[in-house]
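These are the residues of each chain, in order.
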There are 2 protein chains.
Amino acid sequence: MDVTMKDVAKLAGVSLSTVSRVLNDSSLVREETARKVQKAVEKLDYQINDSARILRTNTSNLIGVIGAGMERPFLANLLKGIEAEARERGYALIYGDSDGEFEKEQNYLNIMKQKKIDGIILITTNYYNDLLSIVKNYQIPVVFASGYISDPEISCVTVDNVAAAYDIVEFLCQAGHKDIAFIKGPDLDLLASQERLRGVKLALRLSEIKYDPNRFIEGDFTFESGYSAAKKIIRKFPDVTAIFAFNDEMAVGAIRYLKEQNIKIPEEISVVGFDGIELGKYIDPALTTVKQSGYQLGLKSIDMLNKIINKEKIEDNKVFIPHKLVVRESTNKLNELTTKEEVIINNRG
Amino acid sequence: MDVTMKDVAKLAGVSLSTVSRVLNDSSLVREETARKVQKAVEKLDYQINDSARILRTNTSNLIGVIGAGMERPFLANLLKGIEAEARERGYALIYGDSDGEFEKEQNYLNIMKQKKIDGIILITTNYYNDLLSIVKNYQIPVVFASGYISDPEISCVTVDNVAAAYDIVEFLCQAGHKDIAFIKGPDLDLLASQERLRGVKLALRLSEIKYDPNRFIEGDFTFESGYSAAKKIIRKFPDVTAIFAFNDEMAVGAIRYLKEQNIKIPEEISVVGFDGIELGKYIDPALTTVKQSGYQLGLKSIDMLNKIINKEKIEDNKVFIPHKLVVRESTNKLNELTTKEEVIINNRG
DNA sequence: GAAAATAATGAAATCCATTTCACTATTTAA
DNA sequence: TTAAATAGTGAAATGGATTTCATTATTTTC
């Protein structure tokens with residue numbers, strides 16, 4: 001029913017082998033013969049049967065992507081970057097959502113293995129050591145694109161979560177904030193959230209601010225969780241002057257809550273986020289955040305994976321993409337606030 | 001190197017055929033034999049070679065998804081729904097982004113055909129008639145999940161863009177707005193944007209408001225385009241009392257611009273969006289919009305595709321998912337505004 | 001208990017491309 | 001001109017499953 005190489009061979013008056021050679025690497029075929037074959041291919045609109053090819057060659061030009069929470073803007077852009085670079089390099093993508101569940105991850109891993117994927121990108125927040133050992137067992141090239149994995153065998157591409165979180169907290173501290181609350185990610189998130197936590201602690205220590213675990217409210221990276229975390233923060237710590245949400249969506253949720261309570265941002269409370277998604281520019285006040293490019297992360301991940309697949313030398317299997325502090329309207333210096341109050345006090349006095 | 005059925009057969013002491021039967025449909029196999037085979041499968045951790053299976057059976061349990069602009073929250077959720085339902089039904093997903101380019105769509109269509117996908121979901125804004133005829137030629141089950149396609153042969157699942165746009169414009173009109181501006185989608189978008197446009201026109205006609213094409217500024221569904229569209233609107237039509245952006249992101253961008261200009265929302269200008277993405281609840285003012293569920297749309301699309309693949313009867317190959325007007329803070333009745341003004345006038349008088 | 005029917009299994013063909021090996025045609029070297 | 005080397009091509013083996021057809025065991029029927 002479908003056109004096969006045999007049909008092409010017959011029409012071109014050559015053998016199967018020759019057709020195959022023309023379609024892959026015509027170096028061994030006379031130009032004239034190649035032309036005949038090409039003509040037949042076009043005339044019949046021949047399309048290769050990929051399964052047959054994969055069966056024989058054991059390479060699929062397929063890359064598996066297993067992610068979770070990919071509807072988040074940052075990760076949606078990551079996927080976009082992955083897709084663009086994969087396409088560029090001749091790979092197609094098999095995409096599966098694990099919902100952050102180990103079982104589903106395993107499941108997809110199996111399915112993808114059965115499809116003989118050439119490599120796999122994992123975007124998984126709560127990796128378990130089990131997953132790591134399974135992945136290693138599979139002998140399939142893997143890149144983690146969600147956080148730093150210390151295991152030296154594992155390649156990963158990620159923003160430097162520790163440094164980035166450090167930078168933004170340091171920024172708050174240098175602005176004079178001492179009473180800071182945090183909306184962290186799920187405790188199960190062993191990658192991004194835990195790393196950012198480490199960066200926070202580091203910055204606090206260097207600024208000689210006591211680390212108080214109570215000031216870390218757990219969220220799940222959604223608007224909603226940011227909103228309700230802010231509520232808890234305001235109740236428990238009415239004196240905070242700054243909130244650092246571990247991603248922009250939670251920051252936006254928090255801002256919404258604060259505004260509902262008629263708390264002025266940044267005059268009374270500064271709010272900062274993480275990721276630097278487009279949205280941050282358009283909310284009111286525009287969000288101060290530390291920006292990383294999901295798209296870039298996607299490109300780099302495929303780049304590294306491609307190198308592993310092709311057994312190219314890799315200088316370093318831990319790659320960090322750049323991050324940048326973006327100061328907008330949701331923060332100010334605590335001094336400024338003080339100044340204003342002083343002015344008011346002066347007026348009164 | 002990999003474990004094959006042959007290995008399983010040998011270990012279990014049966015023939016290849018028997019192993020295959022056990023793994024597919026053991027109805028013809030003695031229970032005892034089946035157990036032996038199962039045990040061998042487990043012992044060897046046998047994984048089927050999918051390419052071999054597909055080659056033989058010509059069915060892949062693969063569904064292709066070709067989309068564009070999938071980083072938009074609504075579409076990201078659509079993809080999530082597609083993935084969830086596809087997984088549920090035993091399909092894996094091959095995912096490609098077309099960037100809205102015909103050539104890339106064609107390309108992916110070819111690649112996917114070569115991989116013997118069982119069906120395909122198209123989320124493409126500017127479909128060309130070319131694409132339609134190609135798709136028809138391919139004889140592969142297809143579902144459009146992005147808008148209404150009139151061609152009776154083509155199945156589609158979509159919100160009723162005409163009705164939804166009608167509803168929200170009617171809502172504005174009934175609130176007393178006569179001077180409305182619109183931020184539409186790209187003119188190339190023959191689906192969502194053009195349909196919404198039709199809904200708008202219908203509502204305007206029924207409310208006896210003259211249709212003025214100048215009042216429709218073209219955007220591209222991004223925050224940024226909503227922002228600059230609002231700028232144009234305010235310059236050209238300083239008297240507008242309402243803006244309808246054809247999606248929520250553009251509405252958010254518009255709101256940002258209006259706020260920068262110290263224009264009060266909704267007191268001076270009401271703003272409405274389309275889609276009902278989560279974000280709308282958290283911006284200030286919370287966005288009035290017409291809500292559809294991307295996730296739901298995804299589920300329904302796979303459901304329909306699955307039916308086509310299995311040659312089940314389909315009552316109607318045009319399916320609409322529900323939409324709902326969600327009134328929040330970004331709109332008010334023009335009367336209320338008038339009342340306030342009257343009060344002010346009275347105060348003055 | 002023999003014949004007929006059914007259940008359970010295996011051998012071999014098949015799906016479609018790639019690739020090795022063998023062979024012929026053409027060049028090059030001597 | 002002949003021997004040696006190389007270029008170009010084809011036949012056949014191969015990858016790993018499914019499935020048809022044939023065959024052997026087992027039941028059922030009379």
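This structure is a prediction, so every number in the text was calculated from the model and none was measured.

To continue, consider the overall build of chain A. For chain A, the helix and strand inventory stands at 13 helices and 12 strands. Taking 349 residues into account, the globule formula puts the C-alpha radius of gyration at 20 Å, and chain A, at 26 Å, lies well above it. When the backbone C-alpha atoms are referred to their principal axes, chain A occupies close to 100 × 40 × 35 Å. Looking at chain A as a whole, 56% of its 349 residues are labelled buried. Taking all contacts inside chain A whose residues are at least 6 apart in sequence as the whole, residues at least 24 apart take part in 72%.

The next point concerns the side chain of N247 of chain A. All names here are of chain A. Relative to the helices and strands, N247 is located in the loop between β8 (242-245) and α11 (248-260). The exposure class assigned to N247 is buried, which follows from its relative accessible area of 0%. Here the side chain of N247 touches F221 through a polar contact of 3.1 Å, landing on its backbone oxygen. Of note is the side chain of N247, whose polar atom sits 3.0 Å from the backbone nitrogen of M250. Setting aside residues up to four positions removed in sequence, N247 forms contacts with R72, F221, G273, F274 and D275.

The next thing to look at is the sheet that holds strand β12 (residues 324-326) of chain A. Whether parallel or antiparallel, the strands of a sheet pair through hydrogen bonds between backbone atoms. Residue and element names in this part refer to chain A. Across the sheet, 6 strands lie side by side as β7-β6-β8-β9-β10-β12; this open sheet has mixed pairing. The open sheet has two free edges, formed respectively by β7 (216-218) and β12, since each of these has just one partner strand. Taken pair by pair, the neighbouring strands of this sheet meet at an average axis angle of 20°, ignoring direction. Relative to strand β10 (residues 288-291), strand β9 (residues 270-275) is paired through 4 bridges, and the arrangement is parallel. Paired with F274 across the two strands is V290, which belongs to β10. The sheet strands contacting helix α10 (residues 223-236) are β6 (180-184), β7 and β8, and the helix crosses β6 at an angle near 150°.

What follows deals with the packing of aromatic side chains. Applying the stated criterion across every chain yields a total of 18 aromatic pairs over all chains. Judged by centre distance (6.2 Å) and plane angle (70°), the ring pair of F182 of chain A and F244 of chain A falls under edge-to-face. Residue F182 of chain A is located in strand β6, and its partner F244 of chain A is located in strand β8; the two are separated by 62 residues in the primary sequence. Of the residues examined, F182 of chain A reaches a relative accessible area of 1% and is grouped as buried. With a centroid separation of 5.4 Å and 15° between ring planes, the pair formed by F223 of chain A and Y282 of chain B is classed as stacked. Residue F223 of chain A is found in helix α10, and its partner Y282 of chain B is found in the loop between β9 (270-272) and β10 (289-291); the two belong to separate chains.

Residues and elements named next belong to chain B. On the basis of which strands lie adjacent, the open sheet formed by 4 strands has the order β7-β6-β8-β9 and parallel pairing. The open sheet has two free edges, formed respectively by β7 (216-218) and β9, since each of these has just one partner strand. Between one strand axis and the next, the sheet turns through 20° on average, direction left out of account. In the sheet, strand β8 (residues 242-245) pairs with β9 via 3 bridges, with the strands oriented parallel. Each bridged residue has a counterpart across the sheet, and for I243 the counterpart in β9 is V271. Against the sheet, helix α8 (residues 161-174) contacts β6 (180-184), β8 and β9, and its axis sits at roughly 170° relative to β8. Here helix α10 (residues 223-236) sits on the sheet and contacts β6, β7 and β8; the angle it forms with β6, its principal contact strand, is near 150°.

Let's shift gears to the protein's contact with DNA strand C. Around DNA strand C, a shell composed of 25 residues is seen, among which M5 and R56 of chain A together with T18, R21 and T33 of chain B lie nearest. Among the atoms of DNA strand C close to the protein, meaning within 4 Å, 59% are from sugar or phosphate groups. Between DNA strand C and R21 of chain A, the relevant distance is 3.4 Å, taken from a base oxygen to a side-chain nitrogen or oxygen of the residue. One of the side-chain N or O atoms of S17 of chain B is found 3.0 Å from a base nitrogen in DNA strand C.

Once that is clear, we can look at the protein's contact with DNA strand D. Of all residues adjacent to DNA strand D, which total 27 residues, the nearest are T33 of chain A together with M5, S20, Y46 and R56 of chain B. In this structure, R56 of chain A approaches DNA strand D through a side-chain N or O atom, which is 3.1 Å from a base oxygen. N49 of chain B places a polar main-chain atom, nitrogen or oxygen, 3.2 Å from a phosphate oxygen of DNA strand D. Secondary structure elements with two or more residues in the surface near DNA strand D: α2 (16-24) and α4 (50-57) of chain A together with α2 (16-24) and α4 (50-57) of chain B. For the surface near DNA strand D, the element with the highest residue contribution is α4 of chain B, accounting for 5 residues.

All right, on to the interface of chain A and chain B then. Contacts between chain A and chain B engage 51 residues on the former and 51 residues on the latter. Three residues, Q114, R256 and Y282 of chain A, lead the burial of chain A against chain B; their summed loss comes to 16% of the area buried on that side. Summed over the shared surface of chain A and chain B, the number is 14 salt bridges. In this structure, D284 of chain A engages K259 of chain B in a salt bridge whose closest nitrogen and oxygen atoms are separated by 2.7 Å. Where chain A touches chain B, the interface holds 26 residue pairs in polar contact (both at pLDDT 80 or more). Listing elements by their share of the side of chain A that touches chain B, those giving two or more residues are α4, α5 (73-88), β2 (92-97), α6 (102-114), α10 and α11 of chain A. The class makeup of the residues in the side of chain A that touches chain B is 22 nonpolar, 10 polar and 19 charged.

Let us look at the packing of α2 of chain B against helix α3 (residues 31-44) of chain B. Residue and element names in this part refer to chain B. Following both chains from N to C, one finds α2 and α3 inclined at 90°, their axes separated by 10 Å at the closest point. Taken together, the axes of α2 and α3 are roughly perpendicular relative to one another. Of α3, the residues touching α2 (which contributes T18, V19, V22 and L23) are T33, A34, V37, Q38 and V41. Looking at the contact of α2 with α3, its residues break down into 6 nonpolar, 3 polar and no charged.

Here, the residues flagged by UniProt with the feature "domain: HTH lacI-type" (unreviewed entry) are residues 3-57 of chain A. With 71% helix and 0% strand, residues 3-57 of chain A has its two end C-alpha atoms placed 20 Å apart.

The next subject is the domain arrangement of chain A. All names here are of chain A. Along its sequence, chain A is carved into domain 1 (5-57), domain 2 (62-159 + 294-322) and domain 3 (161-292 + 326-341). On a C-alpha basis, the centres of domain 2 and domain 3 stand 29 Å from each other. Counting residues at the interface gives 17 residues for domain 2 and 15 residues for domain 3. Around 1300 Å² of area is buried between domain 2 and domain 3 when both sides are counted, 59% of it from carbon and sulfur atoms. Taken as a group, R72, F74 and V159 account for 42% of the area that domain 2 buries against domain 3, more than any other trio of residues on that side. One can count 2 salt bridges joining domain 2 with domain 3. With its nearest N and O atoms 3.8 Å apart, the salt bridge here joins E249 to R72. Our enumeration of links across domain 2 and domain 3 arrives at 5 residue pairs in polar contact (both at pLDDT 80 or more). Elements with a contribution of two residues or more to the side of domain 2 that touches domain 3: α5, β5 (155-159) and α12 (294-309).

The rules behind the values
- Every chain begins its residue count from 1, and numbering advances along the sequence as written.
- Chains and ligands are labelled by the order in which they are written, letters from A for the one and numbers from 1 for the other.
- Where totals are concerned, whole chains, interfaces and linings use all residues; where local detail is concerned, this predicted model gives features only for residues with pLDDT of at least 70, and gives and counts side-chain atom pairs only at 80 or more.
- Water and hydrogen atoms play no part in the side-chain values, which are based on all heavy atoms of the structure.
- Labels follow the DSSP assignment, with helices taken as runs of H or I lasting at least four residues and strands as runs of E lasting at least two, numbered in each case from the N terminus.
- Each radius of gyration is computed over the set of C-alpha atoms, and the globule rule expresses the reference value as 2.2 Å times the number of residues to the power 0.38.
- Whether a residue is buried, partly exposed or exposed follows from its accessible area with a 1.4 Å probe, protein chains only, as a fraction of its type maximum: under 20%, in between, or over 50%, in that order.
- Residues count as neighbours in contact if any of their non-hydrogen atoms are within 4.5 Å of one another.
- Throughout this description, a polar contact denotes any pair of N or O atoms lying within 3.5 Å of each other; where both atoms belong to protein, one of them has to be capable of donating a hydrogen while the other can accept it, and for residues adjacent in sequence the pair is counted only when both atoms sit in side chains.
- Being paired, for any two strands, means DSSP has found at least two bridges between them.
- Fitted lines through C-alpha atoms give the axes, limited to the stretch in contact for helices. The angle between two N-to-C directions lies from 0 to 180 degrees.
- Each Phe, Tyr or Trp ring (for Trp, its six-membered ring) is paired with any other whose centre lies within 6.5 Å, and the angle between the two planes then decides the class: stacked below 30 degrees, edge-to-face above 60, tilted in between.
- We call a residue near a molecule or strand as soon as one heavy atom of that residue lies within 4 Å of the molecule or strand.
- Buried area: the sum, over both parts, of the accessible surface (1.4 Å probe) that disappears when the two are put together.
- In what follows, salt bridge is the name for a side-chain nitrogen of Lys or Arg lying within 4 Å of a carboxyl oxygen of Asp or Glu.
- Only Asp, Glu, Lys and Arg are considered charged in this grouping, and only Ala, Val, Leu, Ile, Met, Phe, Trp, Tyr, Cys and Pro are considered nonpolar; every other residue, Gly among them, is considered polar.
- Note that the term roughly parallel is reserved for angles under 35 degrees, roughly antiparallel for angles over 145, roughly perpendicular for angles of 65 to 115, and oblique for everything else.
- UniProt positions are given in the numbering used here, feature names are shortened, and annotations may be inferred rather than shown by experiment.
- These domain boundaries are the output of an automatic or database domain assignment.

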